[in-house]
Amino acid sequence: MSEIIKVVRNLRDLRKATSKWRQRGQTIALVPTMGALHAGHLALVKLARKKADKVVVSIFVNPTQFGPDEDLSRYPRDEAGDLIKLADADANLVWAPAVEEMYPEGFSVGVRAGSAAKDLDGAFRPNHFDGVATVCTKLFNQVTPDIAIFGEKDYQQLTVLRQVVRDLNTPVKLIGGPTKRDTDGLALSSRNAYLSEAERRIAPALYAVISSLAEDVANGADVPTGISNAKRKLIAAGFARIDYIEVRDAETLAVPPAADGWALRVLAAVWLGKTRLIDNVAV
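Residues numbered from 1 in each chain as written. Predicted model: local features only at pLDDT ≥ 70, side-chain atom pairs only at ≥ 80, totals over all residues. Heavy atoms only, no water.

**Q** How do you make sense of the pairing of strand 2 (residues 28–33) when you look at a structure like this?
**A** Remark: a regular strand shows side chains that alternate across the two faces of the sheet. Across the six residues of strand 2, six count as buried, placing the element largely inside the fold. Burial along strand 2 is two-sided: the face carrying Ile28, Leu30 and Pro32 and the face carrying Ala29, Val31 and Thr33 are both buried. With six bridges joining them, strand 2 and strand 3 (residues 54–59) adopt parallel strand pairing. Residue pairing across strands places Pro32 opposite Ser58, the latter belonging to strand 3. (Buried < 20%, exposed > 50% of the residue type's maximum accessible area, 1.4 Å probe, protein only. Helix = DSSP H or I, 4+ residues; strand = E, 2+ residues; numbered from the N terminus. Pairing = 2+ DSSP bridges.)

**Q** Is there a simple way to explain the nonpolar core in this structure?
**A** If you look at soluble globular proteins, the nonpolar side chains tend to sit buried side by side. Of all hydrophobic cores here, the largest spans 40 residues; its most connected members are Val56, Trp95, Phe140, Phe150 and Leu174. Broken down by element, this core gets its largest block of residues, eight residues, from helix 6 (residues 128–143). Membership of the second largest hydrophobic core comes to 25 residues, among which are Val209, Val223, Leu272 and Val281. (Core = buried A, V, L, I, M, F, W, Y, C linked by side-chain atoms within 4.5 Å.)

**Q** Help me understand helix 7 (residues 155–167), please; the structure alone is not making it clear to me.
**A** In an α-helix, one full turn covers 3.6 residues, which means residues spaced three or four apart are oriented alike. For helix 7, with 13 residues, the first-to-last C-alpha span of 18 Å sits near the 18 Å given by 1.5 Å per residue. Among the 13 residues of helix 7, 10 are classified as buried, and the element is accordingly described as predominantly covered. Buried within helix 7 are the following residues: Tyr155, Gln156, Gln157, Leu158, Thr159, Val160, Leu161, Gln163, Val164 and Val165. A positive backbone phi angle near 55° is found at Asn169, which sits one or two residues after helix 7. (Expected span 1.5 Å × (residues − 1).)

**Q** Help me understand the pairing of strand 9 (residues 275–282), please; the structure alone is not making it clear to me.
**A** Among the eight residues of strand 9, six are classified as buried, and the element is accordingly described as predominantly covered. Examined bridge by bridge, strand 8 (residues 264–272) and strand 9 share eight bridges and lie antiparallel to one another. Bridging across to strand 9, Ala269 finds its partner in Ile278. Hairpin remark: strand 8 followed by strand 9, antiparallel, with two residues in the connecting loop; positive phi at Gly273, about 60°.

**Q** Before we go on, may I ask you to explain the pattern of salt bridges in this structure?
**A** Side chains bearing opposite charge may pair, as long as their charged atoms lie close to each other. Under the counting rule described, the total for this entry stands at 15 salt bridges. Here Glu79 and Arg9 are joined by a salt bridge, their closest N and O atoms 2.5 Å apart. Taken together, the residues span a long stretch of sequence, with Glu79 in helix 3 (residues 79–88) and Arg9 in the loop between strand 1 (7–8) and helix 1 (11–23) at a distance of 70 residues. Close ionic contact of Asp243 with Arg276 constitutes a salt bridge, the shortest N to O distance being 2.8 Å. Here the residue Asp243 occupies a position in strand 7 (residues 241–249), and Arg276 occupies one in strand 9, the gap between them amounting to 33 residues. (Salt bridge = Lys/Arg side-chain N within 4 Å of Asp/Glu carboxyl O.)

**Q** Where do I start with the sheet that holds strand 1 in this structure?
**A** Note on sheets: strands pair through backbone hydrogen bonds, and any given pair is parallel or antiparallel. Spatial strand order, 1-4-3-2-5-6: six strands in an open sheet with parallel pairing. Only two strands of the sheet have a single partner each, and these edge strands are strand 1 and strand 6 (173–177). Inspection of the sheet shows strand 2 paired to strand 5 (residues 147–151) by two bridges, in the parallel sense. If you follow Ala29 over to strand 5, its bridge partner there is Ile147. Packing of helix 6 onto the sheet brings it into contact with strand 2, strand 3, strand 4 (93–95), strand 5 and strand 6, and relative to strand 2 it is tilted by some 150°. (Contact = heavy atoms within 4.5 Å. Axes fitted to C-alpha atoms, helices over the stretch in contact; angles between N-to-C directions.)

**Q** Just to check I follow, could you spell out helix 6 for this structure?
**A** Its 16 residues give helix 6 an end-to-end C-alpha distance of 22 Å, which sits within 8% of 22 Å, the value for a rise of 1.5 Å per residue. Of all 16 residues in helix 6, 14 are buried; the element is thus mostly enclosed. Backbone geometry just downstream of helix 6 places Thr144 in the positive-phi region, at approximately 45°.

**Q** What am I meant to see in the side chain of Lys138 here?
**A** Locating Lys138 in the fold gives a position in helix 6. Although buried, Lys138 forms no salt bridge, and the nearest oppositely charged side chain, Glu101, lies 8.5 Å from it. Here Lys138 is in contact with Met102, Tyr103 and Phe107, once residues within four sequence places are set aside. (Lys, Arg positive; Asp, Glu negative; His and termini not counted.)

**Q** I would appreciate a short explanation of a positive patch on the surface in the present structure.
**A** Taken together, the side chains of Lys46, Lys50, Lys51, Lys173 and Lys180 make up a positively charged region of the molecular surface. Here the positive patch gets three residues from one element, more than from any other, and that element is helix 2 (residues 39–51). Take Lys180: it is sitting in the loop between strand 6 and helix 8 (197–202). (Patch = residues over 30% accessible without salt bridge, like charges linked within 9 Å, V, L, I, M, F, W, Y side chains within 5 Å. Areas by Shrake-Rupley, 256 points an atom, 1.4 Å probe, with all protein chains shown as cover. Charge placed at Lys NZ, Arg CZ, Asp CG, Glu CD.)

Spatial relationships are all this shows, so hold off on functional conclusions.
Put into structure tokens, the structure is as follows:
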């Protein structure tokens, strides 16, 4: 059995550990997570190991990024299992604060997300990205990493945080890790655990459809027509509802003036039963 990894739960102990590394001239990578770790998270830890001398993984289910009707209480949690996985992945430290440590009584300051948060998921999850921007800014200030690794599956989140780091002059380099997928193409996500067996069989169609759309756009297809066709395919496949399928500028997430001559990204959010799935692919 793996040796259990060191866990710290208060800021004093965290800074005591990281200051020792700093004194030795060692670099630090942060991998922020909400726990319930899967192979996608562990791939980010592996990437972090290549980029820095020490790796801190945070496990914190952040209440400020959940809406009143969202799944904070249902969000999967498995700290014991997570610690074993992180020990196997050679992470050096787990930062696992309680809600009261992150948001003590009287907490009232937050970070407002920028233009990349204005629509897509921002339209369907009001204040979600403000919560993400606030908690990640706190994590950056707490861990003071040289780099932070985020998965590209949450591409809008990564774009929002790049704006935060740029605009607030935060001294951390953000690196996006490629989306880890199951053999049938479904992007790994903690929320996949909510899918029934029947829904799990349908779910890979999301990646297939947006990949086809990206290929069509790359070959010069009309974007609105392509999006309409993609939506029709997903409904036919059995998806209950489509929040959005969009083709956006890959750097800003703005609507590009034309498909030609731009780095583009296809982004989608859809529902299977009571489970909301997101995915994206490069054009």
